[in-house]
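Chain by chain, the residues run as shown.
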Amino acid sequence: MRLLVVEDDALLGDGIRAGLALAAYAVDWVRDGDAARRALIDHDYDACVLDLGLPRRDGLSVLRELRQRGSRLPVIILTARDTSEDKIAGLDSGADDYLTKPFDLPELQARLRALLRRVSGMARPVLEHAGITLDPVAKRVTHHGQEVPLSAREYALLLDLLNHADHVRTRAQLEESLYAWGEETGSNTVEVYIHHLRKKLGPDCIRTVRGLGYQLGGPPG
Ligand code: CA
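Quantities reported herein were computed from a predicted structural model and do not represent experimental measurements. (Residues numbered from 1 in each chain as written. Predicted model: local features only at pLDDT ≥ 70, side-chain atom pairs only at ≥ 80, totals over all residues. Heavy atoms only, no water.)

A. Geometry of the sheet that holds strand 4 (residues 75-79). The sheet built from 5 strands is open, its strands ordered 2-1-3-4-5 with parallel pairing. Of all the strands in the sheet, the pair left with one neighbour each is strand 2 (26-30) and strand 5 (97-100). When strand polarity is set aside, the average angle formed by the axes of neighbouring strands in this sheet is 20 degrees. As paired strands, strand 4 and strand 5 are joined by 4 bridges and run parallel to one another. Along strand 5, the bridge assignment pairs Ile-76 with Asp-97. Against the sheet, helix 1 (residues 10-22) engages strand 1 (2-6), strand 2 and strand 4, with an angle of about 170 degrees to strand 2. On top of the sheet, helix 5 (residues 105-119) reaches strand 1, strand 3 (47-50), strand 4 and strand 5; it is set at about 160 degrees to strand 4, its chief contact. (Pairing = 2+ DSSP bridges. Helix = DSSP H or I, 4+ residues; strand = E, 2+ residues; numbered from the N terminus. Axes fitted to C-alpha atoms, helices over the stretch in contact; angles between N-to-C directions. Contact = heavy atoms within 4.5 Å.)

If you want it as structure tokens, here you go:
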């Protein structure tokens, strides 16, 4: 899952980026409204954490333009503006959630999980498919009841495939989901992690759709 964090405060932005990266998200962090606008046009994100008071362009303006383009990207506003009027303006401009500073990182993470769960149409917090379960709170994966230890990248890849279980994911989409800007991707890395997951979860857990990409194998449930 790839997130855009828009925050002009260096200390806070770095803290949010690091905290979300530890939770296995690929995180891009920008520090002004223009950079946010460009990033949202150029990249395919799963969610955005948006500050409102920003240099160059206000967060509300970034949000309104995003919605005018028809984007349904989940957006959580994270701001010091804490009046009821501010919250109404934020939600009415198209935000999905509104969190005021000071805030707890675990609460931001829980709200992100809830939002991503709603978007993926899954009511239950634990993702399940063909004998595989993934608990995003405990970051625990099981296969037919047995716990399976995964590396951070393997976990992130499996989470992406579970969140898009009905779709074939292209290699480019998986790379976008796994890596933030400036991270080394190398060649064949997606294939390497697919190979690791197949070794740990069985050869049929992920099927290769020739010429298109990858999808979870087996019937849901
Ligand atoms: Ca700010």
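After that view, the rundown keeps rolling.
B. Structural detail: the pairing of strand 3. The side-chain alternation of strand 3 yields two buried faces, one formed by Ala-47 and Val-49 and the other by Cys-48 and Leu-50. Of the pairings in the sheet, the one linking strand 1 to strand 3 comprises 4 bridges and is parallel in character. By the bridge assignment, Leu-3 is partnered in strand 3 with Ala-47. Following the chain from strand 3 across helix 3 (residues 59-68) to the adjacent parallel strand 4, one finds a crossover that is right-handed. (Buried < 20%, exposed > 50% of the residue type's maximum accessible area, 1.4 Å probe, protein only. Right-handed = clockwise from strand over helix to strand, strands pointing away.)

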